[in-house]
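Now for the letters of each chain:
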Amino acid sequence: MEMITNMVLERPVVIFSKSLCCMSHTVKTLLCDFGANPAVYELDEVSRGREIEQALLRLGCSPAVPAVFIGGELVGGANEVMSLHLNGSLIPKLKRAGALWV
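Residues numbered from 1 in each chain as written. Predicted model: local features only at pLDDT ≥ 70, side-chain atom pairs only at ≥ 80, totals over all residues. Heavy atoms only, no water.

Colleague: How should I be thinking about the pairing of strand 2 (residues 39-42) in this particular structure?
Modeller: Put simply, side chains in a regular strand alternate between the two faces of the sheet. With 4 bridges joining them, strand 1 (residues 13-17) and strand 2 adopt parallel strand pairing. Bridged to V14 within strand 2 is A39. In the classification by handedness, the crossover that spans strand 1, the intervening helix 2 (residues 22-34) and the parallel strand 2 is right-handed. (Pairing = 2+ DSSP bridges. Helix = DSSP H or I, 4+ residues; strand = E, 2+ residues; numbered from the N terminus. Right-handed = clockwise from strand over helix to strand, strands pointing away.)

If you want it as structure tokens, here you go:
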């Protein structure tokens, strides 16, 4: 868990993903289109990816990917990110975290 804590504090937005996951792709595209420039960890491509995936499951991410952290806090997966976007609270959350400047 400490490893994940350190990783999510590196940048305002961090996404744990898998390279072939369509929902991960959707979330990454949405956040990048806003200009958030997230740190993305492709768990099927990084060393210790399986260990990170297990830790995300223990944190309550189900499924484990995509797992989105904004401002060091777990937001959730694709459903939660899309819900924030649709209710108009995603951009303000990104601004508060320092991921967007406009």
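Continuing now.
Colleague: So what exactly am I meant to see when it comes to the side chain of S17 here?
Modeller: By secondary structure assignment, the location of S17 is in strand 1. In this structure the side chain of S17 is engaged in a polar contact, spanning 3.1 Å, whose partner is the side chain of E42. Dropping the residues within four chain positions of it, S17 is found in contact with S24, K28, V40, Y41, E42, L43, D44 and V65. (Polar contact = N/O pair within 3.5 Å; in protein donor to acceptor, adjacent residues only side chain to side chain. Contact = heavy atoms within 4.5 Å.)

Colleague: Where do I start with helix 4 (residues 78-86) in this structure?
Modeller: Within the span of helix 4, buried status applies to A78, V81 and L84. Along the long axis of helix 4, the arc covered by the buried residues comes to 130 degrees, so they all point the same way. Along helix 4, exposed side chains directed more than 90 degrees from the buried face belong to N79 and L86. Within two residues after helix 4, G88 carries a phi angle of roughly 85 degrees, on the positive side. (Buried < 20%, exposed > 50% of the residue type's maximum accessible area, 1.4 Å probe, protein only. Arc of directions from axis to C-beta.)

Colleague: How should the sheet that holds strand 2 be read in this particular structure?
Modeller: A sheet is described by the order of its strands in space; here 4 strands give the open sequence 2-1-3-4, paired in mixed fashion. Edge positions in the sheet fall to strand 2 and strand 4 (73-76), since each has one partner strand and no second. Within this sheet the neighbouring strands show an average axis-to-axis angle of 25 degrees, counted without direction. The strands touched by helix 5 (residues 90-97) are strand 1, strand 3 (67-70) and strand 4; relative to strand 3, the strand with the most contacts, the crossing angle is about 55 degrees. (Axes fitted to C-alpha atoms, helices over the stretch in contact; angles between N-to-C directions.)

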